[in-house]
Amino acid sequence: MLVYEPQRSLRRQLTWRLMGVFALVALLGSAAVVTAYQSLILRGQREAADDALRYVTSSYAHQVQQWERDAIEVKAQIDFMRIFGEDSSDSWLRLRAYFAALEGKVDRFSAGAVMRKDGTAGMVFGADSQLLARRLQDGAAAPLWLLGNEGRTLYLVHSVPLWLGVEGTGRMVLLQPLDNGVVASLAAQDVHLHLVLDGRVLAGTAGSEDVGKPLDASFSGRTREDGRTTEQRIFPFLGNGPHTPVLVIHQQVRERLSVPMLLIGSVALLGVLTLLLWLVIGRWAKGVTDRVSALSKASALFAVDHAIEGPVRQALDQAQVQPDEIGDVAQASRDMMESVRLYDEEHFAYLQTLDILEEGVVEIASDGSYLRASPGWTRLAGTERSHRGILFECFHPEDVDDFRQHFGQLFTGEKTSLKGRIRLRSNDGNGVWLEYRFVVSELGARMVRSVRGVLRDITQSYLLEKHVTHMALHDALTGLPNRVLLEDRCKIALRTAERNGHKVALGFMDLDHFKHVNDQFGHKAGDEMLLYLSNVLHGCLRAGDTLARWGGDEFVVLLTDLAGQKGAHEAIAKMGAICQEPIVINGNVFNATFSMGVAIFPDDASTVDALLSQADRAMFSAKQQGRNTVRFFADISNVEEERELVYIQHRLAAAIKDHKIQTWFQPIVDVRTRQVVSCEALARWYDDSYGWVSPATFIPMAESLGLIRELGQQVWQQAVQGLHRWREAGMDMRISVNVSRRQLFTPTFTADLLADLDRLAIPVSVVDLEITESVAMEDADFTARRLIELTEAGFGIAIDDFGTGYSSLSQLHDMPATKIKIDISFVRRAHSDQGAQLIQAIVNIAGAFKLQTVAEGVESDEIAASLQGFGVDLLQGYHFGKPMPVTEFEHYLATRFNRTAPF
């Protein structure tokens, strides 16, 4: 028992993909979070530093405005106190006293100077005032700032005009120190502010500990010192020139979270999200993979033994728990498995059937090697040949080349199927015949990969058909060719002679007084004489010549490839010499002579029928000359005879035109009840000058004159009118009407027949149309189509003279016939072993094709009983009734049907 080992590839793929997605999302997410966080913090720090710069700028502007107001206030107090009045001798003392009084009360200005109009210092006060006076002497403009206290203190210089009384207008210049306190007042909370000149700190918010330290004030940006990150901004409050003091603003960067902590937090958050995703999607995906795995398991288990029960059904049920696409696939798989199971059962049944049948089924590659072979083929071809080697090795060497050529056309696309017969190779000399049919197994844009074929043993049927064919073409007594085979060989000989420019002689021979032999010594002695003469006469002919038995004591000799009439004379002389020798039969000595008429192609006639007619006329002339004579048609006086023939043809044309062709009827009876069930309509012609003319004479004449269609139409009209009367009288009758080739090929033939039957209200199903076997085989494709058309219309089709033509069983199978009529030549041999076998074979063939059989020429009750024993369905012949005119036939019917009233 197979243990299913699931391949968890789909689940592994899902797990690895989820882990990969988690790792990728964690990595990219963490990087994105850190980057976003740092960017956000950096932007906030920059904005905070910029805010601090704006704050310092605003504070400094307000402070400067305040200092300027204070300077103006000091000037206003001096003016208000009129220190420089009319008596100005003590004005400078009073001014000094004023500033002395203010010292310690005003911390805005720690030093200053009052400059006269001439640029000299009138008074100075405070530290670094002398330095200021020196800078302002000689009327120099007041600077914006002043570095004093030995370079350690930076002062802002405020200059206002001051009235000095009689000395005119001077100016008061005050120094505002920018010390640590002033710098601290400008800074916001958490902001460090440094006053820097030439890279050295002069004052700062941190007090004296930063004073004197170097500080790079050349850039704005982020700096890092002592593990701390600071945002630096530069405020050039006194301009951007070189060696100009600036305020350096330091905004310390505070990182709320470190990068490792931020990474840990982001990974933890992503882990929580991943867990949520797994709970929401992962479990669902796991269920999906489990269902897909169950579907895979079901398929794998089903592939082993094609059984849906047990684990396969459980796996399909597991895959089909949800009504979704996977459930649809599971249901489709279940349906497909059921179809495969049913197909397997059918296939197994077919294989069992093939094993029962005596047929071989093979699949063959293009080189003829076996791909598959059924047991039936093993039995046919032998085990040693059915599984190794190639198919061609099984066939008879004489048949292989032709078969291989046609077989190859299946692979080149020239053919899509191939059928035929072939012999198996046999070591014991007994030939085995096979019937085969091959078809291609693949078509389309791809090359044909192989062909499949069915082969069956038809040896028995082939030999039977061959035997039937031989008997149909040869005389049962002598084994010589009969009329049918003779006619075919005559056609071939005439075509060859016409192509080669040679001549052909056809001799019609009749044994003289042969009837006396039968009457005096019996038919057995007569048969022995015929057999002896046929053997010796055939033995003196050349290989290409033919001796045929025409019937009774009549023979026909065909001499081919002659240079002239002399060659015919020599061959016939040999035959005459053979017949002159005495014949001993049962102690009785016979001397056989014959009368012969000879016609030469193309001198005397150009067709087979014409040659036979001319030879017959010459033989008749030979008998008139006293028998034991050979007459050539060219040697007899034929002027009067030709005249007579033309006259008869003229009379026949006139008779057809004047509707003088009569229709006679011959009854057909059921073999079991011996009741009349049908009749055959036959053409008859009575001429005032020649009397009754044989149908064997005027029917071919009508065909040669092109009047057979009109003649057949007259017979048809009289036949259906008679049938109409009989059925109106309550007789359940059928009728058979002969159809010529010219009638059959008329385009409106079927429609015309149906119109006549419809006019007379006669069912189509009670009419049988008889065609001879030779007509059926001419242009077989068209004939088959026309017969199918007639059959579909409802007509019965009877094959007349069956067994005298060349039709094979396959052609009979394709012919839509309903009856076959056994020729009179076979019926007359019903008492002989060969004749009985032949009739039985024909009946068996008819039964195989579901056809009724009609035996012609029944002339005795013994023959009728024999035919009934063979299984014949219907009987026709003089024993039941000869052909009769319509009036006589209706009287016959009235007697058979116990009727007294006329029709």
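The model shown is predicted, which means the values in this text are computed figures rather than measured ones. (Residues numbered from 1 in each chain as written. Predicted model: local features only at pLDDT ≥ 70, side-chain atom pairs only at ≥ 80, totals over all residues. Heavy atoms only, no water.)

1. Quick word on the overall build of the protein chain
Thought 1: A tally of helices and strands in the protein chain yields 28 helices and 31 strands.
Thought 2: Buried residues in the protein chain amount to 43% of all 903 residues.
Thought 3: Put simply, 60% of the contacts in the protein chain that link residues at least 6 apart link residues at least 24 apart.
Thought 4: Of the roughly 47,800 Å² that the protein chain leaves accessible, carbon and sulfur atoms contribute 54%. (Helix = DSSP H or I, 4+ residues; strand = E, 2+ residues; numbered from the N terminus. Buried < 20%, exposed > 50% of the residue type's maximum accessible area, 1.4 Å probe, protein only. Contact = heavy atoms within 4.5 Å. Areas by Shrake-Rupley, 256 points an atom, 1.4 Å probe, with all protein chains shown as cover.)

2. Notes on the pairing of strand β3 (residues 145-148)
Thought 1: Residues L146 and G148 of β3 are buried on one face, while the alternating residues W145 and L147, pointing to the opposite face, are not.
Thought 2: Of the strand pairs in this sheet, β3 and strand β4 (residues 153-163) are connected by four bridges, and their pairing is antiparallel. Counterpart to L146 in the pairing with β4 is Y155.
Thought 3: In sequence, β3 turns back onto β4 through a hairpin of four residues, with N149 there showing a positive phi of about 55°. (Pairing = 2+ DSSP bridges.)

3. Observations concerning unusual backbone geometry
Thought 1: Here the amide bond leading from F601 into P602 is cis, since omega sits at 0°, within 30 degrees of zero.
Thought 2: Inspection of the secondary structure puts P602 in the loop between β21 (594-601) and α16 (608-624).
Thought 3: You will see that R82, though not glycine, has its phi angle at about 50°, which is positive.
Thought 4: Following the sequence through the fold, R82 ends up in the loop between α1 (9-80) and α2 (91-102).

4. A closer look at the sheet that holds β21
Thought 1: Read across the open sheet, the five strands follow the order β17-β18-β16-β21-β22; overall the sheet is mixed. Among the strands making up the open sheet, the edge pair consists of β17 (546-551) and β22 (630-632). On average, adjacent strands in this sheet sit at an angle of 20° to one another, irrespective of strand direction.
Thought 2: Sheet topology note: the strand β16 (residues 503-511)/β21 ladder contains eight bridges and is antiparallel. Bridge assignment links F508 to a residue of β21, and that residue is G597.
Thought 3: The sheet strands contacting helix α14 (residues 523-539) are β16, β17 and β18 (554-562), and the helix crosses β17 at an angle near 155°. (Axes fitted to C-alpha atoms, helices over the stretch in contact; angles between N-to-C directions.)

5. Considerations on the environment of C679
Thought 1: Note that C679 resides in strand β24 (residues 676-687).
Thought 2: Overall, C679 belongs to the buried group, its relative accessible area being 0%.
Thought 3: The spacing of C679 and V669 is ten residues in sequence and 8.3 Å in space, taken between C-alpha atoms.
Thought 4: Contact partners of C679, with chain neighbours within four places excluded, come to F665, Q666, P667, I668, W726, M733, R734, I735, S736 and F889.

6. Examining the sheet that holds strand β2 (residues 121-125)
Two pairing modes exist for strands in a sheet, parallel and antiparallel, and in both the strands are linked by backbone hydrogen bonds.
Thought 1: With antiparallel pairing, the five strands of this open sheet are ordered in space as β2-β1-β5-β4-β3. Edge positions in the open sheet fall to β2 and β3, since each of these has one partner strand only. The mean angle between the axes of side-by-side strands here comes to 25°, regardless of whether they run parallel or antiparallel.
Thought 2: By the bridge criterion, five bridges tie strand β1 (residues 111-115) to strand β5 (residues 169-177) in an arrangement that is antiparallel. Directly across from A111, in β5, lies its bridge partner L175.
Thought 3: Packed on one face of the sheet, α2 meets β1, β2 and β5 and runs near 20° to β2.

7. Things to note about the pairing of β4
Thought 1: Within β4, eight of the eleven residues are buried, leaving the element largely enclosed by the surrounding structure.
Thought 2: Alignment of β4 against β5, held across nine bridges, turns out to be antiparallel. Bridged to V157 within β5 is L175.
Thought 3: As consecutive antiparallel partners, β4 and β5 are separated by five residues, and within that stretch G165 has a phi angle of approximately 75°, a positive value.

8. Notes on the packing of aromatic side chains
Thought 1: Within the structure shown, the criterion is met by 25 aromatic pairs.
Thought 2: Seen from the ring of W92, R116 lies directly overhead, with NZ or CZ sitting 4.7 Å from the centre. (Phe/Tyr/Trp six-rings, centres within 6.5 Å; stacked < 30°, edge-to-face > 60°. Lys NZ or Arg CZ within 6 Å of the ring centre and 35° of its normal.)

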